[in-house]
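So you can see what is in the structure, the chains are spelled out below.
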Amino acid sequence: MHHLHSTLTIQKDYILSDYKTISQILKGNSMLNTMRENAGSWVIKVLLFFIVLAFIFMGAGSFNAKRASKVASVNGDAITISQYQQTYNRVLENLRAQLGNRLNDEMIKMFNVKQQAIDELINTTLLRQAAVKNGLRVADTELVESITRIPAFQKNGAFNNQRYKQLLGQNRMTPESFETMQKEAILLDRLRSVITRNAKVSDLEIREWYNWENTAIDINYAAFKPEMYKGIEVTDQMIEEYYNNNKNSYITQPQIQARYVKFDPDAYKADAVISDDEIQQYYTEQQDEFKVAETVSARHILFKVTKDADKKTAEDARIKAQDVMEKAKSGEEFAELAKTYSEGPSKDKGGQLGSFKRGSMVKPFSDAAFAMAVGDISEPVRTQFGWHIIKVEAHNSASTMTFEEASMQITEKLADRKAKNIAYDAAVSLYDITFDGEEFEKNTKDSGLELVTTDFFTMNKGPNGIGKAFADTAFKLPMMELSDITEIGESYYLIQILNKEPEKIPALDAIKEAVTKNTKQAQQKIAAEEAAKKFLEKVKTAGSMATAAEGDTLIQIETTGSMNRNASVPGVGNDKKLMAAAFKLTLDNKLPEAVVQGDTGLYVIELQTRKLPLDQGLNIAKNNIHDRMLSQKQTALYSSWVNNLRENSEITISKEFINN
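Residues numbered from 1 in each chain as written. Predicted model: local features only at pLDDT ≥ 70, side-chain atom pairs only at ≥ 80, totals over all residues. Heavy atoms only, no water.

Caption draft 1: Up close: the nonpolar core. Formed by 24 residues in total, the largest nonpolar core has its most connected members in Leu127, Ala131, Ile147, Phe153, Tyr164, Phe178 and Leu191. The set of elements that each furnish at least two residues to this core consists of helix H7 (113-133), helix H8 (140-148), helix H9 (161-170), helix H10 (175-196) and helix H23 (615-647). If you look at the next biggest cluster of nonpolar residues, it comprises 16 residues, including Ala528, Ala549, Leu602 and Val604. (Core = buried A, V, L, I, M, F, W, Y, C linked by side-chain atoms within 4.5 Å. Buried < 20%, exposed > 50% of the residue type's maximum accessible area, 1.4 Å probe, protein only. Helix = DSSP H or I, 4+ residues; strand = E, 2+ residues; numbered from the N terminus.)

Structure below.
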């Protein structure tokens, strides 16, 4: 469910109030009563999960809020611990979906998940209060219509009461609670519409956006790279000064030293004896594993045509394919024709595709190939890639491996499985007799096993030959405590920590080579900065970069050609800071005030041309720009309104929560 939750975000900024349930309001409403009497089906479970989850995790699911302890109060309305925990978990799951195993305690602190959760709850409570204060209401008939239109509750295009009830039950929801949430959703969506309805976008704003986004410039630039200044020497005094000023950059990561016993299944292979009966039983019970799919082995010659190509382009390619097909059918070697005419990646292999299953190629190609006899050459076949000529070289019917054919494969598989079980049992045996970390060495020796001691390693790296998975377990262990049986790769491990070394700043003598290198790089950067500043002043005096650079072999002037804001700079790549500085230049001010510190280095730049986009493009892009700008304005207006609402509200957060 965590994965399902992460794939969809329902953007609703609200939380439940203490309204009566829709069931109480509509005791006589036959539509809702009918809905409750006939509901269900797992098919829609996933969709309803998303509909419900946003409201539950935003704190909307607590009907006993008044009796629960509170973490905050918003204009007298309580935010409960339960609501906070649900919202916190939802924010955390969203981060986990994005970052996976990289999410750790440090990152949770960095993202300030705790503050995100409480801010969200405060905002949604304020919105609920504002909706009520402004007299916004949702009619019962409107609520009924909104629920019956939800595809999750429909069958064959019509509302299905059985689906409704069953799916709510599967998500631990009652019709009353869901209807309350749905009513709240409509109410606060309406509030947002009221707040943002005055947002407008003028034709002038659209044109300014269009011009800003599509203006093209051409600049000259000279890069001043530190590595260009090779003749720089550094003294011991400079090295020591650099070290003293940058000590924190040399702090080492915490390290630990461990010892371990590895239980490798390969070491137990000799004990993994598989009987004929086991092989026969596996073959009988796992028949699907031994089915061999129908395959075709073929070559092809491809004439590329894009999916959106016009009719003439597609027809011209088809005629070329037809001509080559006739050559193949007249007896010319198909592989040689493929090497000469094909535009596909298999060209150099004579169009050889090898064997493939039905459906593993795009459908038109697969359908044609599997319908052909061995040796046949097809008419041109159109796919999303273009026109293909196909030659079938082999056609293997679907079959099932015989017991004799499968026997070796089964034996190896069962032996691997049994060896792994034996390895695990061996790990359990050692673990069970080791009650104290001090006994680990003795018990390992008595069991005839090898105890390996690692070098010191960090959390990010782990021991040589084992890696980070080992470190993930080891760094959680107290000194000398034996780990649980840990599976890493195909093997099992018992791990014990021998020594821990905290982070530290090494003495200069221990890292002098690295500090010397860093000192030189810093001096090279200073030299590059000074050279760039001098050159820019020279350009301002000379009137152009070309004139200023005459006679200076170190400075290389490059020209970008025409480019818009979203382009990468030729010879540089993606550099947003450089592009931002370049687009500030005008025909009246072709040079920047200072050297440009880009994402990729130092630059002196000079504007060559600046051109506004053609008006014809505005007519095409106008509606799209309008919608984008309107959405941005509405979001900004809404955020500003919510911030103002917060500033003028009485919000208190419990001291226990703050100090926790």
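Caption draft 2: Seen up close, helix H5 (residues 81-99). The terminal C-alpha atoms of H5, which comprises 19 residues, lie 26 Å apart, in line with the 27 Å expected from a rise of 1.5 Å per residue. Within H5, the full set of buried residues consists of Gln83, Tyr84, Thr87, Arg90, Val91, Leu92, Glu93, Asn94, Leu95 and Leu99. Phi turns positive one or two residues past the end of H5, at glycine 100, with a value near 60°. (Expected span 1.5 Å × (residues − 1).)

Caption draft 3: Examining the sheet that holds strand E20 (residues 651-653) more closely. Strand order in this open sheet of 3 strands is E2-E1-E20, and the pairing throughout is antiparallel. Every other strand in the sheet has two partners, leaving strand E2 (77-80) and E20 as the edge strands with one partner each. Sheet twist, expressed as the average angle between the axes of neighbouring strands with direction ignored, equals 20°. The pairing of strand E1 (residues 70-74) with E20 spans 3 bridges and is classified as antiparallel. For alanine 72, the partnering residue across the bridge sits in E20 and is isoleucine 653. Against the sheet, H5 makes contact with E1 and E2, and its axis sits at roughly 55° relative to E2, the strand it touches most. (Pairing = 2+ DSSP bridges. Axes fitted to C-alpha atoms, helices over the stretch in contact; angles between N-to-C directions. Contact = heavy atoms within 4.5 Å.)

Caption draft 4: Local environment of the packing of aromatic side chains. Taken as a whole and judged by the stated rule, the model has 20 aromatic pairs. When the ring of phenylalanine 153 is compared with that of phenylalanine 178, the centres are 5.6 Å apart and the planes differ by 85°; the resulting orientation is edge-to-face. Taken together, the residues phenylalanine 153 in the loop between H8 and strand E3 (154-155) and phenylalanine 178 in helix H10 connect sequence positions 25 residues apart. Each of the two residues, phenylalanine 153 as well as phenylalanine 178, counts as buried. Where tyrosine 283 meets phenylalanine 290, the ring centres are 5.2 Å apart and the plane angle is 35°; that geometry is what we call tilted. Each member of the pair tyrosine 283 and phenylalanine 290 is classed as buried. The structure contains a cluster of three or more aromatic residues connected by ring pairs, namely Tyr260, Phe457, Phe470, Phe475 and Tyr493. The ring of tyrosine 638 is capped by arginine 192, whose NZ or CZ atom sits 4.0 Å from the centre of that ring. (Phe/Tyr/Trp six-rings, centres within 6.5 Å; stacked < 30°, edge-to-face > 60°. Lys NZ or Arg CZ within 6 Å of the ring centre and 35° of its normal.)

Caption draft 5: Spatial organisation of the packing of helix H11 (residues 203-214) against H23. Between H11 and H23, the least distance of the axes is 8 Å, while the angle of their chain directions is 110°. In terms of axis orientation, H11 runs roughly perpendicular to H23. Contact with H11, carried on its side by Asp203, Glu205, Ile206, Arg207, Trp209, Tyr210 and Glu213, involves Asp615, Gly617, Leu618, Ala621, Lys622, Ile625, His626, Arg628, Met629, Gln632 and Lys633 of H23 and no other residues of that element. A class-by-class count of the residues in the contact of H11 with H23 yields 7 nonpolar, 3 polar and 8 charged. (Parallel < 35°, antiparallel > 145°, perpendicular 65-115°, else oblique. Nonpolar A, V, L, I, M, F, W, Y, C, P; charged D, E, K, R; others polar.)

Caption draft 6: Seen up close, the pattern of salt bridges. Under the counting rule described, the total for this entry stands at 29 salt bridges. Residues arginine 299 and glutamate 393 are paired through a salt bridge, measuring 2.7 Å at the closest nitrogen-oxygen approach. With arginine 299 in strand E8 (residues 295-304) and glutamate 393 in strand E11 (residues 386-396), this residue pair connects regions lying 94 residues apart in the sequence. Given the relative accessible area of 33%, glutamate 393 is considered partly exposed. One connected set of salt bridges, linked through shared partners, spans Lys420, Glu487 and Glu490. (Salt bridge = Lys/Arg side-chain N within 4 Å of Asp/Glu carboxyl O.)

Caption draft 7: Expanded view of the side chain of threonine 383. With respect to the helices and strands, threonine 383 occurs in strand E10 (residues 381-383). A polar contact is formed between the side chain of threonine 383 and the side chain of histidine 388, at a distance of 2.7 Å. Setting aside residues no more than four positions away along its own chain, threonine 383 makes contact with Val362, Pro364, Phe365 and His388. (Polar contact = N/O pair within 3.5 Å; in protein donor to acceptor, adjacent residues only side chain to side chain.)

Caption draft 8: Geometry of the environment of valine 392. By the element assignment, valine 392 lies in strand E11. Sequence separation between valine 392 and glycine 375 is 17 residues; the distance between their C-alpha atoms is 5.5 Å. In this structure, valine 392 is in contact with Val296, Ser297, Ala298, Ala369, Met372, Ala373, Val374, Gly375 and Asp376, ignoring residues within four places of it in sequence.

Caption draft 9: Inspection of the sheet that holds strand E18 (residues 596-597) at higher detail. The antiparallel open sheet is built from 4 strands, whose spatial order is E17-E5-E19-E18. Every other strand in the sheet has two partners, leaving strand E17 (557-559) and E18 as the edge strands with one partner each. Across 3 bridges, strand E5 (residues 216-224) lies against E17 in antiparallel orientation. If you follow alanine 222 over to E17, its bridge partner there is isoleucine 557. Along the sheet, helix H22 (residues 576-584) contacts E5, E18 and strand E19 (602-611); its crossing angle with E19, the most-contacted strand, is approximately 45°.

Caption draft 10: Fine view of the environment of alanine 528. Structurally, alanine 528 is set in helix H20 (residues 512-542). Looking at alanine 528, the relative accessible area reads 0%, which means it is buried. Taking the C-alpha atoms as reference points, alanine 528 and tyrosine 603, separated by 75 residues in sequence, lie 9.8 Å from one another. The residues touching alanine 528, leaving out its near neighbours within four places in the chain, are Phe224, Lys225, Pro226, Tyr229 and Leu602.

Caption draft 11: Broad picture of the pairing of E19. By the bridge criterion, 9 bridges tie E5 to E19 in an arrangement that is antiparallel. What sits directly across from aspartate 218, in E19, is threonine 609. Hairpin remark: E18 followed by E19, antiparallel, with 4 residues in the connecting loop; positive phi at glycine 601, about 145°.

Caption draft 12: Spatial organisation of unusual backbone geometry. With a phi close to 50°, asparagine 75 is a non-glycine residue in the positive phi region. Among the secondary structure elements, asparagine 75 is positioned in the loop between E1 and E2.

Caption draft 13: How the structure looks around the side chain of serine 297. Looking at where serine 297 falls in the secondary structure, it is placed in strand E8. When neighbours within four sequence positions are excluded, serine 297 is seen to be in contact with Gln352, Gly354, Ser355, Lys391, Val392, Glu393 and Ala394.

Caption draft 14: Here's a closer look at the pairing of E8. Among the 10 residues of E8, 9 are classified as buried, and the element is accordingly described as predominantly covered. With 5 bridges connecting them, E8 and strand E9 (residues 352-357) associate as antiparallel partners. Following the sheet pairing, serine 297 is matched in E9 by serine 355. With 10 bridges joining them, E8 and E11 adopt antiparallel strand pairing. Its bridge partner lying in E11, valine 296 is registered against histidine 395.

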